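# Examination of the molecular architecture
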Amino acid sequence: MIRTPSPACVVLLVSSAVGVLCGQESAPTKQQSDEKAPAPSARKSPFIPAQAVQRGCNILLTMSAGDSKGEWPYEGVYHAVEGKGGAVIPIGYRVGGTAIVCDALITAPGYAESKARQDAVARGVGFILSACQHPYMQPSTEDKYDVRGWGHIYALHLFVKLAQRDLVPRAHTDDVKKATPWLLAALHTQALPTVGGWNYANRRGAAPFMTGPGLQALFAAAEAGHKVDPDVVTQALDALERARAQSGSIAYSVPPQARADTPEEKLRFMDKLEGSMGRMLVTEATLDLAGRGDQARLQAAVDAFFTHWNELEKRRKQGGTHLQPFGVAPYYFVYAHAYAAQAIERLRDTMARDEARAKLSELFANVEEDDGGWNDRIFERSRAFGTAMVVLALTAPQEPAPAAWPMNDQAKK
């Protein structure tokens, strides 16, 4: 059962949230701009996306953790101190990672015939419901580094999707029905009131790569009939558009009013096109879903991803976070590919879309691990997140389009 948080709980710690789930920020260190990218692994057999999806699901089934084997925690460089147990994987990462894996397991073809996948999702949903009781999953507006919002975003997206597809595990039907509006309220509470959007690191500027997934979770909830505050959506969309520089790149963080291309609002090297691909893709795809899209900008984001892909590849499975010269952290790698798949499916030009699909599939083939998984980190447990995101990306061409925002900017409550 989900507990409605008391007023005291509503101010516990800070929220935030994809992409992908991300690592803690650290001071940038110097890195040579001519650093060589790791060589992609040579494939011994043709890469067939449908087969890769099934391999990925099989790997995910072997990676469950926890006492109930219903958890797929994402692990990054950020470890929190929650209670007296010392440094641990934050509960937001654990919930978000589990929700993404469950999403992949239900989305991949063959779910209706796979009792193993159904049982795994039932365990995962049970873990998420239990974890929502955790003190560090209660909504918070404290200005502090915290990642619980990632859990709220991806759990909300999963529960809405399960309900819409009539796939909620029978044992959890009532609790999922109660938890869904609770998760929605958490996102409303934690939205930045004067800035718009969400941020996992502080409450002073919207983080586009968190705000995009947050908005998409709200769009899905609204499409399913839940009440979503249009002002929260409008402010978050405005924040995404303020993040865009003249080059089309998207800044890492953007405060109220000022645009990303004004000198005083540039965040170190975090506004450069070469380091902005993942944020560009999720931003332009989300704006398109909201009725604010532009096909030229969307195509430019997809083109930038392929043009500058090597800057992502250089940082895959490397240490550190936002290193010079472009601020690419390793955890952007799979995130960028997942939202590249989404952006590609929003392209109206059939030829351009087909060409981009083929190029993306080839990139996935180049970085697939020997046993069929994907991992952009140095942590073994982040492999579940990487594999699940790739499964979702590879199934995007066959999946229904993500939910669009049904209200325009002038919509009233």
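Please read these numbers as outputs of a predicted model, since none were measured by experiment.

## Thoughts on the overall build of the chain
When its secondary structure is counted, the chain shows 13 helices and two strands. A total of 413 residues make up the chain; the buried ones form 59% of that total. With an accessible surface of roughly 16300 Å², the chain has 52% of that area assigned to carbon and sulfur atoms.

## A word on the packing of aromatic side chains
The geometry of two aromatic rings is summed up by the distance between their centres and the angle between their planes. Following the criterion strictly, the structure yields 14 aromatic pairs and no others. Centre to centre, the rings of Tyr74 and Phe385 are 5.1 Å apart; their planes meet at 80°, and the pair counts as edge-to-face. With a gap of 311 residues between them, Tyr74 in the loop between helix H1 (49-62) and strand S1 (80-81) and Phe385 in helix H13 (residues 382-395) connect regions that are remote in the sequence. Tyr74 gets classed as buried once you look at its relative accessible area, which sits at 1%. Each residue in the set Tyr145, Trp150, Tyr154, Tyr200, Phe209, Tyr252, Tyr332, Tyr335 and Tyr339 is aromatic and connected to the rest through ring pairs, giving one cluster. Sitting over the ring of Phe333, Arg316 keeps its end group 5.6 Å from the ring centre. Between Lys359 and the ring centre of Phe306, over which it is positioned, the NZ or CZ distance is 4.4 Å.

## Quick notes on the pattern of salt bridges
Where charged atoms from two side chains of opposite charge come close, those side chains can pair. Per the counting criterion, the structure on display carries 22 salt bridges. For the salt bridge of Glu241 with Arg292, the shortest nitrogen-to-oxygen distance reads 2.7 Å. Of this pair, Glu241 sits in helix H7 (residues 230-242) while Arg292 sits in the loop between helix H8 (277-289) and helix H9 (295-307), and the two are 51 residues apart along the sequence. Taking relative accessible area as the criterion, Arg292 reaches 13% and is therefore assigned buried. Of the charged contacts in the structure, one is a salt bridge between Arg383 and Glu380, with a shortest N-O distance of 3.5 Å. Here the salt bridges share partners, and the residues they tie into one network are Lys317, Glu369, Asp371, Glu380 and Arg383.

## Here's the deal with helix H3 (residues 115-131)
Spacing of three or four residues puts side chains on the same side of an α-helix, whose turn is 3.6 residues. With 17 residues, H3 extends 24 Å between its outermost C-alpha atoms, agreeing within 8% with the 24 Å of an ideal straight helix rising 1.5 Å per residue. When we look at burial in H3, the residues that qualify are Arg117, Ala120, Val121, Gly124, Val125, Phe127, Ile128, Leu129 and Ala131.

## So, unusual backbone geometry
Here Lys69, not a glycine, exhibits a phi torsion of approximately 55°, which is positive. One non-glycine residue, Asp166, adopts positive backbone phi at about 55°. Here Asp166 shows up in the loop between helix H4 (148-164) and helix H5 (173-190). Among the residues examined, Asp166 registers a relative accessible area of 70% and is labelled exposed.

## Looking at the nonpolar core
Soluble globular proteins tend to pack their nonpolar side chains together in the buried interior. Counting residues in hydrophobic clusters, the biggest one holds 126 residues, and the most contacted among them are Phe159 and Phe305. Here this core takes eleven residues from helix H11 (residues 332-345), the largest share from any one element. Setting aside anything within four residues of it in sequence, one finds Phe159 in contact with Val125, Ile128, Leu129, Val176, Ala179, Thr180 and Leu183.

## Observations concerning H13
Between the first and last C-alpha of H13 there are 20 Å, a value that for 14 residues agrees with the 20 Å anticipated at 1.5 Å per step. Burial runs high along H13: 13 of the 14 residues are buried.

The rules behind these values
Residues numbered from 1 in each chain as written. Predicted model: local features only at pLDDT ≥ 70, side-chain atom pairs only at ≥ 80, totals over all residues. Heavy atoms only, no water. Helix = DSSP H or I, 4+ residues; strand = E, 2+ residues; numbered from the N terminus. Buried < 20%, exposed > 50% of the residue type's maximum accessible area, 1.4 Å probe, protein only. Areas by Shrake-Rupley, 256 points an atom, 1.4 Å probe, with all protein chains shown as cover. Phe/Tyr/Trp six-rings, centres within 6.5 Å; stacked < 30°, edge-to-face > 60°. Lys NZ or Arg CZ within 6 Å of the ring centre and 35° of its normal. Salt bridge = Lys/Arg side-chain N within 4 Å of Asp/Glu carboxyl O. Expected span 1.5 Å × (residues − 1). Core = buried A, V, L, I, M, F, W, Y, C linked by side-chain atoms within 4.5 Å. Contact = heavy atoms within 4.5 Å.

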